[in-house]
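Structural characterization, general
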Amino acid sequence: MSFFITFEGVEGSGKTTQIHRLKKYLTEKGIPCRITREPGGTPIGEKIRKILLNPKFQGMVPLTELFLYEASRAQHVHEVILPLLKKGEVVLSDRFMDASIAYQGYGRKVDLKWVERLNRLASYGIKPDITFLLDCPSDMGLKRALQRIQRLKNKKPDRFEREQIEFHRRVRRGYLALAKKEPQRVMIIDTRQGEEKVFERIRTIVDKRIGLKK
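Presented here is an overview of the structure given in this document. These numbers come from a predicted model, not from an experiment. (Residues numbered from 1 in each chain as written. Predicted model: local features only at pLDDT ≥ 70, side-chain atom pairs only at ≥ 80, totals over all residues. Heavy atoms only, no water.)

**Regarding the sheet that holds strand S1 (residues 3–8)**
Hydrogen bonds between backbone groups are what pair the strands of a sheet, and the pairing can be parallel or antiparallel. Definition in use: Should DSSP find at least two bridges between two strands, the strands are taken to pair. Secondary structure elements follow DSSP: runs of H or I no shorter than four residues count as helices, runs of E no shorter than two count as strands, and numbering proceeds from the N terminus. Every axis in this analysis is a line fitted to C-alpha atoms, fitted for helices over the stretch in contact. Angles between the N-to-C directions lie between 0 and 180 degrees.
As summarised here, the arrangement of the five strands in space is S2-S3-S1-S4-S5, forming an open sheet in which the pairing is parallel. The open sheet has two free edges, formed respectively by strand S2 (33–37) and strand S5 (186–190), since each of these has just one partner strand. On average, each strand axis in the sheet is tilted by 20° relative to the strand beside it, whichever way the strands run. Across five bridges, the pairing between S1 and strand S3 (residues 90–94) is parallel. Residue pairing in the sheet places Phe-3 in a bridge with Val-90 of S3.

Here's what the structure looks like:
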């Protein structure tokens, strides 16, 4: 059963928590699945991730940022996502090409046509079967992200977490625009309703789309 599910959202939206809950749920149902992430997912991608998130590179220009994301994505799809789908597994990815539309297109104001074209090239034409957009106000999400960092030792805000709130608001607008454009694929879930209700909604959608019995 090959199926590609992605999780998107602003900083602090709870993607990591929900993606691990879904993996546990599917595994208990006997469905082979794998979690991966962008940027990253491969040895090359993880090296690129360190560059992209490093606050020392605050002066990185938007096109450089976009090209690095797409380079990581091309390797990710070729090395991880496509092979797993061909094996019949469910792939759960923490971000994918929609993130480039939201962050580099809307957030950095790179021409959306360029972003979309590079997305198609880097993704080898594949698209997620379902995308869960975990949505919350940008200031709330950023506050959650920064509070999480404060609880961790030896961790500081990354390059994106240091951006001004207006950047994060543009990112959110980009995600909501994508959901409006592709409502059959991009499912908006309001994370203000709490972790349990968010997962209940995710599980219900996955059960229906994959055809799982309770």
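Here the narrative resumes, following the displayed structure.
**Focus on the pattern of salt bridges**
Working definition: two side chains of opposite charge can pair if their charged atoms are close together. As a reminder of what qualifies: A pair is scored as a salt bridge if a Lys or Arg side-chain nitrogen falls within 4 Å of a carboxyl oxygen belonging to Asp or Glu. We call a residue buried when its accessible area falls under 20% of the maximum for its residue type, exposed when it is over 50%, and partly exposed in between, using a 1.4 Å probe and counting protein chains only.
The full count for this structure, using the stated rule, is 20 salt bridges. The residue Glu-163 makes a salt bridge to Arg-108 at a minimum N-O spacing of 2.8 Å. Highlighted residues: Glu-163 in the loop between helix H6 (138–151) and helix H7 (165–181) and Arg-108 in the loop between helix H4 (97–107) and helix H5 (112–122), separated in sequence by 55 residues. In this pair, the class of Glu-163 matches that of Arg-108, namely buried. Salt-bridge contacts for Arg-192 lead to Asp-190; the nearest nitrogen and oxygen are separated by 3.0 Å. We classify Asp-190 as partly exposed; its relative accessible area is 28%.

**Things to note about the environment of Met-60**
Here Met-60 lies in the loop between helix H2 (43–53) and helix H3 (62–86). Here the alpha-carbon distance between Met-60 and Arg-120, two residues 60 residues apart in the chain, equals 23 Å.

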